[in-house]
Amino acid sequence: MKSPDRALRVVPSPETPPRAAPAGPAILETRRLGRAFKVRGGLLHALSEVTLACTPGTSLGIVGESGCGKTTLNRLLLALDQPTSGAVMFKGKPLSDLSRPELRAYRRAVQPVFQNPYSSLSPRMKVRRIIAEPLSASGEMTRAEIDARVIEVLEQVGLSADVAERLPSEFSGGQRQRIAIARALASRPELLLLDEPVSSQDISIQAQILNILKDLQEDYGLATLFVSHDLATVRFMCDEVVVIYLGRVVERGPAARICTRPDHPYTAALLAAALPADPAAPPTATPPMGELPSPLNPPSGCAYHTRCPFAQEVCKRDRPALKETPRGQVACHRVTAEGWT
Amino acid sequence: MTDPLLSIRDLTVRVGKRADAPSILDKVSLDLMPGETLGLVGESGSGKSTLGMSVLRLTSPTLTAGTTGRIAWKGDDILTMPNRKLRHIRGEEISMILQDPMASLNPVQSIGTQLQEALRRGGKRNLSAAAEAALSEVNIPSPAERLRAFPHQMSGGMRQRIVSAIGLAQDPELLICDEPTTALDATIQYQFLELLKALRAAHHMAMLFITHDFGVVARICDRVAVMYAGRIVETGPVAEIFARPAHPYTKALLASVPSTGHAPHRLPVIEGAPPAVGHRPEGCPFHPRCAAASAHCRQAPPRTELRPGHTLNCWHPQEHPHEIA
């Protein structure tokens, strides 16, 4: 192959500085973020060189299968874990350099919603206290202001005020997830980190929760980072999508384009595997093959080459850089600015 | 016309013997023809798993005591059959794959031991050769070595394929699959469904496929029965139900599934949540959440056959005459 990507700007490579955040100041961004775990038998690279940014009013989707590093990324963004390379930046400053007041501002601005509302809500606290606790901890609001805020956020997620006096055990999974979202909203955050927020819900409840989240995005200009294994949900929720395989970004682009004309063969396989609720859907040209290799001993070159129907010699040898194309970014030897080789 | 392989009539499962005990299943009837795959689709608590377990009389004693109706397997009633006879049917004629392969496999026995136990019961002679062949059939690489491995040494997808190999060891005529792909990643689920299709063809099996995922139903089922609050609300050929759902629940549920093909401004939703066992409303169980509900819906809905094989229990079928033509 005659280096087809000579004309392309290659990002990031060791020589070039990390890509600057897209227009508009990012609330939270990562610069070549990496996390390796020491395990028996060496280092496990859970996440490598992930650069992304959450800017006001946008919704970013992170898609990948189990073991791709989604959870590690979420933990790093929440400062529940420290990176082993690169950095997470809050408003331009690495989390590790934040002063105590800045750290408090970060905690208020970035709020998580987790997958399982049966484990994320304390069973002993009434809903009022679950939602009010982060507010009283800040010490900046009076009792009356806090009470008013609790009712306000409950209404934003479609629950009535009397919910506040009850315990989580009195609610169904869907209602619990609404309470978890209300808690995240209480401190007037700028960014919600949503880690598979509907995966444990029934179908009819999923649609309810997704609509609430979409309302929050649009009505309050809330930025969201939506971590999911499901491309269909991400298509509905997000403007932009980042696809991760074995800890590395393989493709990124607008959600509508990723879900209709994916560049990377792995994205194409994920798309084929998102079974449409339509028995008349045409058979896919790129059916998924093979199993996820061990992240402890990842394949050489492109980590996807062992499952890729289009792999060539170069794919086994060299790791493809994440390069810019008119359609977004892709890390694949077979894709150039013009399209497929 | 051939007789159905499995014929369920008015199956009601209550929690205990008393007539006023809460019911999990309420007068469920269905037929399954030889070689056919019927999808049972519904949300959690709809009773789909209890239905699957009842077919093999595997429900807990409290539920077994509260079970009435008839489950005819090739004409014999499973509910009243002596244990001796039922033991012969379990595994040999009807087999089952569950959601969590780690719960189905014995963690302290090798794959080979567990597989050979099933093969021996199936009357196979050369057990190690038969076990190797069974593993090859479910696409396990280097089967001879894998026979010595233990469940924890394998990936989720591989474990589920081992469980299928064990389930098929005695060449059953019906395979009951209860959410077999729910715990698997999307790309692995895709491959497992393809494998099941190949196995179904090779073994001429019928399948009862329990799932909450319409995408899976579209991929693998011939017919589908939609369950809500312990009842089958609509049933018909897959192509027909997806193209022309007539029950308001089926229609609304299908509409609320996000798709990779287009992103609506908002998803159509069904307000509220499915009722819990013991709190199910009178008449049509869906009426409190139904946009088409009227005063009639407090009465048990009539059964209507819209087209051959497409039936529903509803006072207000959502027909669109212009689509039928």
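None of the values given here were measured: they were computed from a predicted structure. (Residues numbered from 1 in each chain as written. Chains lettered and ligands numbered in written order. Predicted model: local features only at pLDDT ≥ 70, side-chain atom pairs only at ≥ 80, totals over all residues. Heavy atoms only, no water.)

Caption draft 1: Layout of the overall build of chain A. Looking only at helices and strands, chain A has ten helices and 14 strands in total. Since a compact globule built from 341 residues should have a radius of gyration of about 20 Å, the 21 Å found for chain A is in line with a globular shape. For chain A, the spread of C-alpha atoms along the principal axes amounts to about 70 × 55 × 40 Å. Across the 341 residues of chain A, 54% fall into the buried class. On chain A, roughly 14900 Å² of surface is accessible, and the fraction owed to carbon and sulfur atoms is 53%. Positive and negative side-chain charges in chain A, numbering 41 and 35 respectively, have mean positions lying 5 Å apart. (Helix = DSSP H or I, 4+ residues; strand = E, 2+ residues; numbered from the N terminus. Rg over C-alpha atoms; globule rule 2.2 N^0.38 Å. Buried < 20%, exposed > 50% of the residue type's maximum accessible area, 1.4 Å probe, protein only. Areas by Shrake-Rupley, 256 points an atom, 1.4 Å probe, with all protein chains shown as cover. Lys, Arg positive; Asp, Glu negative; His and termini not counted. Charge placed at Lys NZ, Arg CZ, Asp CG, Glu CD.)

Caption draft 2: Layout of the sheet that holds strand S1 (residues 28–39) of chain A. All names here are of chain A. Taking strand neighbours across the sheet as the criterion, the four strands line up as S2-S1-S4-S5 in an open arrangement whose pairing is antiparallel. Whereas interior strands pair on both sides, the edge strands pair on one side only; in this sheet they are strand S2 (42–54) and strand S5 (93–94). Here two bridges tie strand S4 (residues 85–90) to S5, and the two strands are oriented antiparallel to one another. Directly across from Met-89, in S5, lies its bridge partner Pro-94. Against the sheet, helix H1 (residues 70–77) makes contact with S1, S2 and S4, and its axis sits at roughly 120° relative to S1, the strand it touches most. Along the sheet face, helix H2 (residues 100–109) touches S1, S4 and S5 and points at about 80° away from the line of S4. (Pairing = 2+ DSSP bridges. Contact = heavy atoms within 4.5 Å. Axes fitted to C-alpha atoms, helices over the stretch in contact; angles between N-to-C directions.)

Caption draft 3: Seen up close, the pairing of strand S10 (residues 231–237) of chain B. Residues and elements named next belong to chain B. When you tally the buried positions in S10, you get five out of seven residues, the bulk of the element. One ladder, built from six bridges, connects strand S9 (residues 223–228) with S10; its direction is antiparallel. Among the inter-strand pairings, Tyr-228 is bridged to a residue of S10, identified as Arg-231. Between S9 and S10, which pair antiparallel one after the other, the connecting turn spans two residues, and Ala-229 there sits at a positive phi close to 50°. Where S10 lies against strand S12 (residues 310–313), two bridges are found, and the strand directions are antiparallel. Bridge pairing links Thr-235 to Thr-311 in S12.

Caption draft 4: Seen up close, the packing of helix H3 (residues 127–138) of chain A against helix H4 (residues 143–156) of chain A. All names here are of chain A. Where H3 meets H4, the closest approach of the two axes is 10 Å, and the angle between their N-to-C directions is 120°. Comparing their axes, H4 and H3 come out oblique. Our pair here, H3 against H4, has a crossing hand that is right-handed. Contact residues: Val-127, Arg-128, Ile-131, Ala-132, Leu-135 and Ser-136 in H3; Ile-146, Asp-147, Arg-149, Val-150, Val-153 and Leu-154 in H4. Residue composition of the contact of H3 with H4, by class: eight nonpolar, one polar and three charged. (Parallel < 35°, antiparallel > 145°, perpendicular 65-115°, else oblique. Left-handed = near helix turned anticlockwise from the far one by under 90°. Nonpolar A, V, L, I, M, F, W, Y, C, P; charged D, E, K, R; others polar.)

Caption draft 5: Molecular detail of the interface of chain B and chain A. Between chain B and chain A, the residue contacts involve 45 residues of the former and 37 residues of the latter. Each partner contributes to the roughly 3300 Å² buried at the junction of chain B and chain A, and carbon and sulfur atoms together form 58% of this total. The largest per-residue losses of area from chain B upon contact with chain A belong to B:Tyr190, B:Thr260 and B:Arg266, which jointly make up 22% of the total buried on that side. Linking chain B to chain A there are three salt bridges. A salt bridge links B:Arg266 to A:Glu218, with the nearest nitrogen and oxygen atoms 3.1 Å apart. Summed over the shared surface of chain B and chain A, the result is 17 residue pairs in polar contact (both at pLDDT 80 or more). Mapped onto the side of chain B that touches chain A, the elements with two or more residues apiece are helix H8 (156–168), helix H9 (186–203), helix H10 (214–220), helix H11 (238–243) and helix H12 (248–255) of chain B. By residue number, the principal contributor to the side of chain B that touches chain A is H9(B), which donates seven residues. (Buried area = accessible area lost by both parts, 1.4 Å probe. Salt bridge = Lys/Arg side-chain N within 4 Å of Asp/Glu carboxyl O. Polar contact = N/O pair within 3.5 Å; in protein donor to acceptor, adjacent residues only side chain to side chain.)

Caption draft 6: Representation of the side chain of B:Thr187 within the structure. Here B:Thr187 shows up in helix H9. There is a polar contact of 2.7 Å between the side chain of B:Thr187 and the side chain of A:Glu65. Beyond its immediate sequence surroundings of up to four residues, B:Thr187 is in contact with A:Glu65, A:Ala269, A:Leu270, A:Ala273, A:Pro288 and A:Arg307.

Caption draft 7: Looking closely at the sheet that holds S12(B). Residues and elements named next belong to chain B. An order of S6-S7-S8-S3-S9-S10-S12-S11 is seen for the eight strands of this open sheet, with the pairing classed as mixed. Sheet topology places strand S6 (94–97) and strand S11 (303–307) at the edges, where each strand pairs with a single neighbour. Between one strand axis and the next, the sheet turns through 20° on average, direction left out of account.

Caption draft 8: Highlighting the packing of helix H9 (residues 265–273) of chain A against H9(B). The N-to-C vectors of H9(A) and H9(B) enclose an angle of 55°; their axes lie 8 Å apart at closest approach. When the interaxial angle is binned, H9(A) and H9(B) end up oblique. In terms of crossing hand, the pair formed by H9(A) and H9(B) is left-handed. Here A:Ala269, A:Leu270, A:Ala272 and A:Ala273 of H9(A) lie close against H9(B), whose contacting residues are B:Ala186, B:Thr187 and B:Tyr190.

Caption draft 9: Molecular detail of unusual backbone geometry. Residue and element names in this part refer to chain B. With a phi close to 50°, Lys-27 is a non-glycine residue in the positive phi region. By secondary structure assignment, the location of Lys-27 is in strand S2 (residues 23–32). Positive phi, normally seen in glycine, also occurs at His-204, with a value near 50°. Tracing the backbone through its elements, the reader meets His-204 in the loop between H9 and strand S8 (206–211).

Caption draft 10: Molecular detail of the side chain of A:Thr30. Residues and elements named next belong to chain A. For Thr-30, the position within the fold is in strand S1. When its relative accessible area of 1% is taken as the criterion, Thr-30 is described as buried. Only 2.7 Å separates the side chain of Thr-30 from the backbone oxygen of Val-50, close enough to count as a polar contact.

Caption draft 11: Representation of the environment of A:Asn116 in the model. Residues and elements named next belong to chain A. Residue position: Asn-116 is located in the loop between strand S6 (110–113) and H3. Taking the C-alpha atoms as reference, Asn-116 lies 30 Å from Glu-140; in sequence the two are 24 residues apart. In this structure the side chain of Asn-116 is engaged in a polar contact, spanning 2.8 Å, whose partner is the backbone nitrogen of Tyr-118.

Caption draft 12: The pattern of salt bridges, seen in detail. With the rule as written, the count across this model stands at 34 salt bridges over all chains. A salt bridge links A:Lys91 to A:Glu190, with the shortest nitrogen-to-oxygen separation between them at 3.0 Å. Here A:Lys91 is found in the loop between S4 and S5, whereas its partner A:Glu190 is found in the loop between helix H5 (173–186) and strand S7 (191–195), with 99 residues between them in sequence. Across the salt bridge formed by B:Arg121 and B:Glu92, the nearest N and O atoms sit 4.0 Å from each other. Of the two residues, B:Arg121 sits in helix H5 (residues 111–121) while B:Glu92 sits in the loop between helix H3 (83–89) and S6, which places them 29 residues apart along the sequence. Through salt bridges with shared partners, a single ionic network connects A:Arg128, A:Asp147 and A:Glu165.

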